[in-house]
Amino acid sequence: PEAAHAAAGLGGTYLRATWDKSLADHVLLDNLHADHALPEWSHRRLKSVTFWEQLADVNGTVTRYLETHEPGRIRHRVYEGTKDKLGRLVPLDPQSFPQLAGIELTREDYFELPDGLMGVVYVPNRRPAPFWRNDPIGKHLGVADVAGIESLLSDIDETWNVWMRELRLGKARVMV
């Protein structure tokens, strides 16, 4: 249900295979939202994808964790930069960022997967995406359930706000 809900609102979602031997003896599926992913496509197939998460924002220094899934490996990196710039690569330190605890690396900054497998798949909500049909990345993404009715939703929001305001003003006029 969580993945379907995210896909309906964002046009698609990513399902990632994760594992933690201390938690379960099988693979766990995790839902990652499409608005925190940078996909790369080849012939309508997901070639690689980078997910990002902001770990900290201290005095204008933003620390981000990037997880890149490619055939045969998952790359883990941490960057320190600003709000607008990714910045410089810093060591992946689970002591400083508890969110990164449990990441196993086999060589350098990545974890190897067997036989060139990918640890993630993209699940579109609905295709094709007519608004992005000429965009090299967007044309492979899905469409949100509310695409095309944004003005109607805005009108409903405005009407609801006016109605609630009138109800509050009406209550203020009631004399006991």
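Computed from a predicted structure; not experimentally measured.

Examining the layout of surface pockets
So, point 1. Roughly 740 Å³ of internal volume is contained in the largest pocket.
So, point 2. Every residue lining the largest pocket is counted, 28 residues in all, and those nearest its centre are R16, T18, Y65, E67 and I103.
So, point 3. With 5 residues, the top contributor of residues to the lining of the largest pocket is strand β2 (residues 28–33).
So, point 4. Residues of the lining of the largest pocket, tallied by class, amount to 13 nonpolar, 8 polar and 7 charged.

A short note on the pairing of strand β5 (residues 61–70)
So, point 1. The buried fraction of β5 amounts to 8 of the 10 residues, a majority that puts the element mostly inside the structure.
So, point 2. Here 9 bridges tie strand β4 (residues 45–58) to β5, and the two strands are oriented antiparallel to one another. Paired with W52 across the two strands is L66, which belongs to β5.
So, point 3. Where β4 folds back onto β5 in an antiparallel hairpin, the turn is made up of 2 residues, including N59, whose phi is positive at roughly 50°.
So, point 4. Looking at chain direction, β5 and strand β6 (residues 73–81) are connected through 9 bridges and run antiparallel. Across the sheet, residue Y65 finds its bridge partner in β6, namely V78.
So, point 5. Remark: 2 residues form the turn of the hairpin made by β5 and β6, two consecutive strands paired antiparallel; G72 in that turn has positive phi of roughly 90°.

Considering the sheet that holds strand β9 (residues 120–124)
So, point 1. Pairing within the open sheet is antiparallel, and its 3 strands lie in the order β2-β1-β9. With one partner strand each, in any of the chains shown, β2 and β9 form the two edges of the open sheet. Going across the sheet, the axis of each strand differs from the next one's by a mean of 30°, ignoring polarity.
So, point 2. Here 5 bridges tie strand β1 (residues 12–18) to β9, and the two strands are oriented antiparallel to one another. Bridging from a neighbouring strand, Y14 pairs with Y122 of β9.
So, point 3. Contacts from helix α1 (residues 2–10) reach β1, β2 and β9 within the one sheet, and its direction differs from that of β1 by about 145°.

Concerning the nonpolar core
So, point 1. Membership of the largest hydrophobic core is limited to 10 residues, which are Y14, L32, A37, W41, L46, V49, F51, V120, Y122 and L141.
So, point 2. Elements represented by at least two residues in this core include exactly β3 (37–42), β4 and β9.
So, point 3. The element contributing the most residues to this core is β4, with 3 residues.
So, point 4. Apart from residues lying up to four places away in sequence, L32 is in contact with T13, Y14, R16 and F51.
So, point 5. With 7 residues, the next largest nonpolar core counts Y65, V78, F97 and L100 among its residues.

Rules and cut-offs
- Residues numbered from 1 in each chain as written.
- Predicted model: local features only at pLDDT ≥ 70, side-chain atom pairs only at ≥ 80, totals over all residues.
- Heavy atoms only, no water.
- 1 Å grid on protein atoms, 1.4 Å probe; cavity = no way out; pocket = protein on both sides within 12 Å on 5 of 7 lines; lining within 4 Å.
- Points joined across faces, edges and corners; volume = space filled by probe spheres on them.
- Helix = DSSP H or I, 4+ residues; strand = E, 2+ residues; numbered from the N terminus.
- Nonpolar A, V, L, I, M, F, W, Y, C, P; charged D, E, K, R; others polar.
- Buried < 20%, exposed > 50% of the residue type's maximum accessible area, 1.4 Å probe, protein only.
- Pairing = 2+ DSSP bridges.
- Axes fitted to C-alpha atoms, helices over the stretch in contact; angles between N-to-C directions.
- Contact = heavy atoms within 4.5 Å.
- Core = buried A, V, L, I, M, F, W, Y, C linked by side-chain atoms within 4.5 Å.

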